[in-house]
Amino acid sequence: NYLRQSTDGELLFVQNATPATSVTVVDLKTRQFADEVTAAAGCWSIIPLPSRPRSFATICGDGGLLTIDLDTAGKPAGQQRSKPMFELEKDPIFTHTENVGDTFYFVSYNGNVYSADFSGKEVSFGAPWSLLDAAGKDRGWRPGGYNLLAINRASKRLYVGMHPNGAEGTHKTPAAEIWVYDLATHKRLARVPGKNALSMSVSQDDKPRLFTIDGGNVNIYDATPAAPVFKTTIQAAGETALQVEPQPTGGLK
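What you see as residue numbers is a count from 1 along each chain, following the sequence as written. With pLDDT at 70 or above as the cut-off, local features in this predicted model cover only qualifying residues; side-chain atom pairs require 80 or more to be listed or tallied, and sums for whole chains, interfaces and linings still use all residues. For side-chain calculations, the full set of non-hydrogen atoms in the structure is used, while hydrogens and water are omitted.

## Thoughts on the overall build of the protein
So, step 1. Put simply, DSSP marks the helices as runs of H or I at least four residues long and the strands as runs of E at least two long, and each gets a number from the N terminus on. Along the protein, the regular secondary structure elements total zero helices and 22 strands.
So, step 2. Computed over the C-alpha atoms, the radius of gyration of the protein is 18 Å, within 12% of the 18 Å expected from 2.2 N^0.38 for a compact globule of 253 residues.
So, step 3. Seen along its three principal axes, the alpha-carbon backbone of the protein occupies a region of about 50 × 40 × 35 Å.
So, step 4. Whether two residues touch is decided by their heavy atoms; if any such pair falls within 4.5 Å, the residues are in contact. Contacts spanning at least 24 positions in sequence make up 40% of the contacts within the protein whose residues lie at least 6 apart.
So, step 5. For the accessible areas, the method is Shrake-Rupley and the probe is 1.4 Å, while residue cover comes only from the protein chains on display. Total accessible area on the protein stands at roughly 12,300 Å², and carbon and sulfur atoms take up 50% of it.
So, step 6. The protein carries 25 positive and 26 negative side-chain charges, and their two centres are separated by 6 Å. As defined in this context, the radius of gyration uses C-alpha atoms, and a globule is described by 2.2 Å times the residue total to the power 0.38. Charge convention: Lys and Arg are scored as positive, Asp and Glu as negative, and His as well as the terminal groups of each chain are ignored. Where a charge lies is defined by one atom per residue type: Lys uses NZ, Arg uses CZ, Asp uses CG and Glu uses CD.

## A word on the pattern of salt bridges
So, step 1. Salt bridges are defined by distance alone: a side-chain nitrogen of Lys or Arg within 4 Å of a carboxyl oxygen of Asp or Glu. A complete count under the given rule lists 12 salt bridges for this structure.
So, step 2. Notably, a salt bridge pairs E10 with K29, separated by 3.4 Å at the nearest N-O pair. With a gap of 19 residues between them, E10 in the loop between β1 (3-5) and β2 (11-17) and K29 in the loop between β3 (21-27) and β4 (32-37) connect regions that are remote in the sequence.
So, step 3. The buried label goes to any residue with under 20% of its type's maximum accessible area, the exposed label to any with over 50%, and the partly exposed label to all in between, with areas taken from a 1.4 Å probe on protein chains only. For K29, a relative accessible area of 66% corresponds to the exposed category.
So, step 4. Across the salt bridge formed by D62 and R81, the nearest N and O atoms sit 3.7 Å from each other.

## Considerations on the environment of K121
So, step 1. In this structure, K121 sits in the loop between β11 (112-117) and β12 (124-125).
So, step 2. Since its relative accessible area comes to 55%, K121 is described here as exposed.
So, step 3. Through-space distance from the C-alpha of K121 to that of A40 is 18 Å; in sequence the pair is 81 residues apart.
So, step 4. Sequence-distant contacts of K121, that is, excluding residues within four places in its chain, are made with R52, D69 and Q80.

## A word on the pairing of strand β7 (residues 65-70)
Sheet faces and side chains relate simply in a regular strand, where the side chains alternate between the two faces.
So, step 1. Of all six residues in β7, six are buried; the element is thus mostly enclosed.
So, step 2. Side-chain alternation along β7 places L65, T67 and D69 on one buried face and L66, I68 and L70 on a second face that is also buried.
So, step 3. Strand direction decides the pairing type here: strand β6 (residues 52-60) and β7, joined by five bridges, are antiparallel. Following the sheet pairing, I59 is matched in β7 by L65.
So, step 4. A pair of strands is considered paired only if DSSP assigns at least 2 bridges between the two. Two elements, β7 and strand β8 (residues 76-81), share five bridges in a ladder whose sense is antiparallel. Its bridge partner being in β8, L66 is matched across the sheet by R81.
So, step 5. Here β7 folds back onto β8, and the loop between the two strands holds five residues, one of which, G74, carries a positive phi near 85°.

## Examining empty space enclosed by the protein
So, step 1. Both site types are read off a 1 Å grid over the protein atoms alone. A 1.4 Å probe that fits but cannot get out defines a cavity, while an open set with protein on both sides within 12 Å along at least five of seven lines defines a pocket; lining residues have an atom within 4 Å of a point. Grid points are joined across faces, edges and corners, and a volume is the space filled by probe spheres set on the points. One pass over the full model with this rule turns up one cavity of 30 Å³ or more.
So, step 2. Here the largest cavity defines a volume of roughly 30 Å³.
So, step 3. For the largest cavity, the full set of lining residues is L65, T67, Q80, R81, S82, K121, E122 and V123.
So, step 4. When contributions to the lining of the largest cavity are tallied by element, the ones reaching two or more residues are β7 and β8.
So, step 5. Each residue receives one of three labels: charged for Asp, Glu, Lys and Arg, nonpolar for Ala, Val, Leu, Ile, Met, Phe, Trp, Tyr, Cys and Pro, and polar for the others, Gly being one of them. Looking at the lining of the largest cavity residue by residue, the class counts come to two nonpolar, three polar and three charged.

In structure tokens:
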């Protein structure tokens, strides 16, 4: 489920569950096993950190974040465990995360946004905020999907797949709508049809495109306006596909 590359491009991190959780580290230069990080037991996900090229973070069962630092041989050289970022029983989060620099954003099943800043030696947390209208107009709407959020770093816009009539167990429900937020003000900028998106991603070029996938078809939106404009659908792009990721190869014309 989790296969990530270190931000210096030299290590590969592989999530294990046997059923105990650990992370295998592979040296990509030598193509050799470097180590198995067993300190990640009880934690799940791999989050490579931009300003710490041989480090990764992971979400732990107590709601905290564990950061593992590796040495030049790919072996553990240190670790830091944070206080809980969220309440596991009351407001669990999706493991999918997106970042602006060293700040990573997470969305909870109940529609709250959490942020973790890894720029210092110890992780620091921003104040959580809600995707839902404070007046209660959005009652029943919840996030859902797999890779259910995306961030355009230049515009600092957050995109989240949302569905109505949310309840316990609906956290994988496809998006009836995509909601767009300004990360600086936490203000919702737009709501557009979600076309049953299960996952999404947004390009980081000067003419950003938002890509969503419903399990087989890829929908493409112009993400330059605050409210993304639907452009086209690539039919049958994959069989039961659940991830979509733009590549920096010149962009869609």
